[in-house]
Amino acid sequence: MAIEYNNLIRSVSYDQHSILKDIIDMHNGGRPFDADITYSIGAFYGHFKRTMNDGSEQEYDIPRPKFTFDVCPQDDETIKLEPWGNIPLDDNSVNSICVDLPFVIAPRDSLSTKKENEKEGSNITFKRFSSYYPFTECMASYAHWLTECYRVLKEDGILVWKTQASVTGSKQMMTPEWSWLYATSLGFDTLDQFFLIAKARLNSGKIKTQQHARKFSSTFFVFKKSIKKRINYLDYMSEDERKAFADNLIKNMISKNK
């Protein structure tokens, strides 16, 4: 007999705040996140409302984390991070971290992004969140911050990792899958995966022939630092072998994209 759930938590949503609320309730004991290393203007946090599956309205809060960091702080409470620096937290010191790194692959000094060549409404994502270039810089940055999050998380601590696939140089870059593989190689267990669906996307007028499906989804991974309980698909490797595997993966991708 099928069991009916009045408010079944689904893996897909049009609302990222609803996804974060579900993650907090399911995987963080209802507690706020301890830290966010990509806080920006704090769009993840505040007071929100959603319609539940049974038609009822739920108002809820996602409180600002105790520790907020960003490479480009937008308020006085947010601590500045260096792009390749360390999170200024002790080893094994926090229970949860939220991360939403850039995913755009584009030169930061391209003609289309220079101020004198800007058109109103253009390059919105790039100008707000910056970018990586080439794609190997994205992989190296992701690897760096995944490693740092693993360092500062306590045993059984969770990492909420938002990312999105991208296209660069007519190549499809599976950033979510690469994130999962690298996180797993570090020793993270994957607790969950959610998909944020966009109702609309801006289309570039420069593209005349479509080569890849336009991406209408972002991925939220929920990783858990649990050395004793984890399911690690690279368990057959020693710690040194896992590090060598991850380093070689980056080097191989660099050589292929030169």
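For the structure, see preceding data.
Anyway, here's the lowdown on the structure attached to this text.

About the cut-offs
In every chain, residue numbers begin from 1 and rise along the written sequence. It should be noted that, the model being predicted, local features are given only for residues of pLDDT at least 70 and side-chain atom pairs only at 80 or more, the latter also being counted only at that level, while totals for whole chains, interfaces and linings use all residues. To obtain the side-chain values, all non-hydrogen atoms of the structure were included, while hydrogens and water were left out. Pairing between strands is defined by DSSP: at least two bridges between them are needed. Each helix is a run of H or I in the DSSP string that is no shorter than four residues. Each strand is a run of E no shorter than two, and both are numbered from the N terminus. Note on definitions: salt bridges are taken to be side-chain nitrogens of Lys or Arg within 4 Å of carboxyl oxygens of Asp or Glu. Each residue's exposure class comes from its accessible area (1.4 Å probe, protein chains only) as a fraction of the maximum for that residue type: buried when under 20%, exposed when over 50%, partly exposed otherwise. Residues belong to a common nonpolar core when they are buried Ala, Val, Leu, Ile, Met, Phe, Trp, Tyr or Cys residues joined through side-chain atoms within 4.5 Å. Any two residues whose heavy atoms approach within 4.5 Å are treated as being in contact.

### Concerning the pairing of strand E5 (residues 67-70)
Consideration 1: One ladder, built from two bridges, connects strand E2 (residues 35-36) with E5; its direction is parallel. The residue of E5 that forms the bridge with alanine 35 is phenylalanine 67.
Consideration 2: Here E5 pairs with strand E6 (residues 79-80) via two bridges, running parallel. Each residue of the ladder has a partner; that of aspartate 70, found in E6, is lysine 80.

### What to know about the pattern of salt bridges
Consideration 1: Inspection of the entire model under this criterion finds seven salt bridges.
Consideration 2: The residue aspartate 22 makes a salt bridge to arginine 50 at a minimum N-O spacing of 3.1 Å. Residue aspartate 22 is located in helix H1 (residues 16-27), and its partner arginine 50 is located in strand E3 (residues 46-51); the two are separated by 28 residues in the primary sequence.
Consideration 3: The class of aspartate 22 is buried, set by a relative accessible area of 9%.
Consideration 4: Looking at arginine 50, the relative accessible area reads 10%, which means it is buried.
Consideration 5: A salt bridge links lysine 224 to aspartate 156; the nearest nitrogen and oxygen atoms lie 3.9 Å apart. Here aspartate 156 lies in strand E8 (residues 153-163) and lysine 224 lies in strand E12 (residues 217-225), a separation of 68 residues in the sequence.

### Thoughts on the nonpolar core
Soluble globular proteins: nonpolar side chains tend toward being buried together.
Consideration 1: Counting residues in hydrophobic clusters, the biggest one holds 28 residues, and the most contacted among them are Ile37, Ile87, Ile97, Val99, Leu159, Trp161 and Phe223.
Consideration 2: Apart from the residues within four sequence positions on either side, tryptophan 161 is in contact with Val99, Leu101, Tyr142, Trp145, Leu146, Ser179, Thr219, Phe220, Phe221 and Phe223.
Consideration 3: Counting 18 residues, the second largest nonpolar core, distinct from the first, contains Ile23, Ile158, Phe220 and Val222.

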